[in-house]
Amino acid sequence: MVSSARRPFVRHRGRVVALPRQDVDTDQIIPKQFLKAVDRTGFGANLFFDWRADPNFELNRPSARGATILVTGPNFGCGSSREHAVWALAEYGFQAIIAPSFADIFASNCYRNGVLPARLSAAEVETLTRNSAGDQYELVVDLEQQVVTDDRGFEAWFTADPYGRELLLRGLDEIGRTLLEEPSIAAYERRHA
Amino acid sequence: MTRTLFDHIWDAHVVQQLTDDVALLYVDLHLIHEVTSPQAFAGLRREGRGVRRPDRTLATVDHNVPTGERSLPIADTVAARQLDALGSNAREFGIELFDLDSPGQGIVHVIGPELGATQPGMLIVCGDSHTSTHGAFGAFALGIGTSEVEHVLATQCVVLAKPRNLEARISGSLEPGVGAKDLILALIGKIGTAGATGHVIEYTGTAVQALSMEERMTVCNMSIEAGARAGMVAPDDVTFEYLKGRPRVPKGDSWTKNVEQWRELPSEPGARYDTQVTLDAATIGPQVTWGTTPAMVADITARVPDPARLAGAERRAAERALEYMGLAPGTPLQGIPIDRVFLGSCTNARIEDLRAAATVLRGRHVASRVRAMVVPGSQRVKAQAEREGLDQVFRDAGFEWRNAGCSMCLGMNADVLGAGERCAATSNRNFEGRQGRGGRTHLMSPMMAAAAAIEGHLVDVRGW
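Residues numbered from 1 in each chain as written. Chains lettered and ligands numbered in written order. Predicted model: local features only at pLDDT ≥ 70, side-chain atom pairs only at ≥ 80, totals over all residues.

### Quick notes on unusual backbone geometry
A positive phi is found at Asn75(A), a non-glycine position, where the angle reads about 65°. Position of Asn75(A) relative to the elements: it lies in the loop between strand S2 (67–72) and helix H2 (84–92). Using a count of 25 C-beta atoms within 10 Å as the deciding quantity, one classes Asn75(A) as buried. Look at Gln156(B): it is not a glycine, yet its phi comes out positive at around 60°. Of note, Gln156(B) is situated in the loop between helix H5 (146–155) and strand S8 (157–161). (Helix = DSSP H or I, 4+ residues; strand = E, 2+ residues; numbered from the N terminus. Buried ≥ 20, exposed ≤ 12 C-beta atoms within 10 Å, placed from the backbone.)

Now the structure itself:
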């Protein structure tokens, strides 16, 4: 029996903040001076540290308070493999990130921390960015159906990596799952000894 | 079906097929460092799990270490705690560690190849995106997150969906003064920061075959800057020559047997790639970045581009980049004044890089406005350079001669740019704030950085 590592992600309703920039790298998400910690916690307060010094930065706007869904540009999470970036986003409160594309390692880190990286087309992301310009814009992200909806009739199907989707839906302890393959791992080692 | 180099390595490492495209793969070599491992060890401890193969795990300190005087206690107590954590984790789980006082200490992607721990056909992982460096040996080497580091420690396996395979064929040959760094920057400029997302790049073609092992490492190192999962070059005599006699490679008969097996690794004739790009090496000049991603790059003879000529999101990104970089459209790249020079990083701090820069610097002196430093990739590279007298060339030219580490590539230690300072750097990322908050980075080759140090501004090294 494999235990759950975390709460499964099935469906989430939350407030949206848009960050319409491309190539947002993990150095921006959590700068290097915060990587000296030996714990997984304490990163949320320093999310987008440099950019947050600007009072006009998207996350500083009153309408962004309490946002749990980030809508952003292509290649989000590029650069360094630092999982601290996902820890920072999750601790800040983000549960889903919607973008046209994600960097591979970043997406992989999201799936392993209960954060959904959902891919929509650039046009759909642009629509969501426009919609969120007013106050209190909310979306529902349904991972089972792979659909994003709002109360105004927006509806778009998103793509997600099938294995990552399973990790999220089941909140799976991946190491526990792999340890069930012990006989195969041992057999591989014998074949290659 | 004919298979590529990548197919060969992938197939040989499948422990268990989990779904149609996802497999559990065996890891031959797991490299760890102080920054991305402490939480993984804490996870093992919490769950009462051990390290399955400490003998296939190798640790070093690099990201956080001071590169100045090492006989004194580390001034940064938070950094010191992280370094101590790696030491105690390595001891507790029986993992070999190249610590701060070890002659083998260095950047994780420099010491793996140096030891001969990196070998063709291997699957290599590390909690660092520049693990792609090791692909230069015909290995499948990829960066992973800390949760995956914990997974590999516990199971010696990694779970992956098979990436697609991209062939980057670089034909022709590079002209003098143009090198591996220019080649990879030009390719990234061509395909973009996400041009290889979801892919493993295999670099092929005459220009790649002609590269030395260290140059191939420079190319593979920056695969991640084009979004690739990994980069690789088919192993050949250049590879075997480099590896022969290194401490961790097999000796005698088993060396011969290994080389025979390694010769089977390259792609079979007619093997199909999912995607192909081509580039003529003869068209590549020395490259410098002007913006805040490695794809914002141009030939040194070019001018800072005008965002007005771009559309939509590209235009906004370019405008933002130029504002951050403090550059006006149309400014010639040659002549942009610099304050700092950083010669270092897993991209360009091996012995050949130091030799190339020294060739430019010999008998010259750094411009008065410039502060320049060399940070060798490893303590062994440093010792080798000192045997060759290169340290004296650098010192005479006015460079600071440092100890090994990641240093100002990411500025985790005390080596950082001040706000507004402009740096000619041989590293791999010119992101906003990467080398220090408000710092402005121009990426280039070691020879170009050395020439910029002398002139005090960006300059074309050809003809020097």
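What follows picks up the thread again.
### Regarding the domain arrangement of chain B
All names here are of chain B. Domain assignment breaks chain B into domain 1 (16–160 + 237–256), domain 2 (164–235 + 267–283) and domain 3 (287–455). For domain 1 versus domain 3, the distance between C-alpha centres works out to 27 Å. Each side of the interface is counted separately: domain 1 has 20 residues, and domain 3 has 21 residues. Sorting elements by how many residues they give to the side of domain 1 that touches domain 3 places helix H4 (residues 108–115) first, with four residues. Residue composition of the side of domain 1 that touches domain 3, by class: seven nonpolar, 10 polar and three charged. (Domains from an automatic or database assignment. Contact = placed C-beta atoms within 7 Å. Nonpolar A, V, L, I, M, F, W, Y, C, P; charged D, E, K, R; others polar.)

### Some words on the interface of chain A and chain B
In this assembly, 41 residues from chain A lie in contact with 50 residues from chain B. Within the side of chain A that touches chain B, the residues separate by chemical class into 13 nonpolar, 13 polar and 15 charged.

### Here's the deal with the environment of Leu169(A)
The topology assignment puts Leu169(A) in helix H5 (residues 162–170). Distance from Leu169(A) to Val38(A), taken between C-alpha atoms, is 28 Å for residues 131 residues apart in sequence.

### Examining the sheet that holds strand S3 (residues 96–99) of chain A
Residues and elements named next belong to chain A. Across the sheet, which stays open at both edges, the seven strands sit in the order S4-S3-S2-S1-S5-S6-S7 with mixed pairing between neighbours. Two strands bound the open sheet, and with one partner strand each, they are strand S4 (116–119) and strand S7 (155–157). Between one strand axis and the next, the sheet turns through 30° on average, direction left out of account. Two elements, S2 and S3, share three bridges in a ladder whose sense is parallel. (Pairing = 2+ DSSP bridges. Axes fitted to C-alpha atoms, helices over the stretch in contact; angles between N-to-C directions.)

### Some words on the nonpolar core
Counting 208 residues, the largest nonpolar core has Ile98(A), Phe140(B), Val341(B) and Ala449(B) as its most contacted members. Excluding residues that lie within four positions of it along the chain, Val341(B) makes contacts with Val370(B), Ala372(B), Cys423(B), Ala424(B), Ala449(B), Ala452(B) and Ala453(B). (Core = buried A, V, L, I, M, F, W, Y, C linked by C-beta atoms within 7 Å.)

### Re helix H12 (residues 351–361) of chain B
The α-helix advances 3.6 residues per turn, and as a result positions three or four apart in sequence lie on the same side. Residues and elements named next belong to chain B. Of all 11 residues making up H12, eight are buried, and the element is well covered by its neighbours. For H12, every residue scored as buried is listed here: Ile 351, Asp 353, Leu 354, Ala 356, Ala 357, Ala 358, Val 360 and Leu 361. Where H12 is buried, its residues meet strand S15 (340–343), strand S16 (371–374), helix H13 (379–387), helix H14 (390–396) and helix H15 (446–455). A positive backbone phi angle near 80° is found at Gly 363, which sits one or two residues after H12.

### Observations concerning the packing of helix H6 (residues 180–191) of chain B against helix H8 (residues 213–221) of chain B
Residue and element names in this part refer to chain B. Direction vectors running N to C along H6 and H8 enclose 25°, while the axes themselves pass 8 Å from each other. Compared by their axis directions, H6 and H8 come out roughly parallel. Between H6 and H8 lies a crossing of right-handed hand. Of the residues in H8, those in contact with Ala 180, Lys 181, Leu 183 and Ile 184 of H6 are Glu 215, Thr 218 and Val 219. Of the residues belonging to the contact of H6 with H8, the class tally is four nonpolar, one polar and two charged. (Parallel < 35°, antiparallel > 145°, perpendicular 65-115°, else oblique. Left-handed = near helix turned anticlockwise from the far one by under 90°.)

### Comments concerning the pairing of strand S10 (residues 199–204) of chain B
Residues and elements named next belong to chain B. Counting buried positions along S10 yields six of six residues, so the element is predominantly enclosed. Side chains His 199, Ile 201 and Tyr 203 of S10 all project onto a buried face; the interleaved residues Val 200, Glu 202 and Thr 204 project onto the opposite face, where all are buried too. Across six bridges, the pairing between strand S9 (residues 164–171) and S10 is parallel. Note that in S10 the partner of Glu 167 across the bridge is Glu 202. Where the polypeptide runs from S9 across H6 and back to S10, its parallel neighbour, the crossover connection is right-handed. Both S10 and strand S11 (residues 230–232) contribute to a ladder of three bridges, which runs parallel. Of the residues in S11, the one forming a bridge with Glu 202 is Met 232. (Right-handed = clockwise from strand over helix to strand, strands pointing away.)

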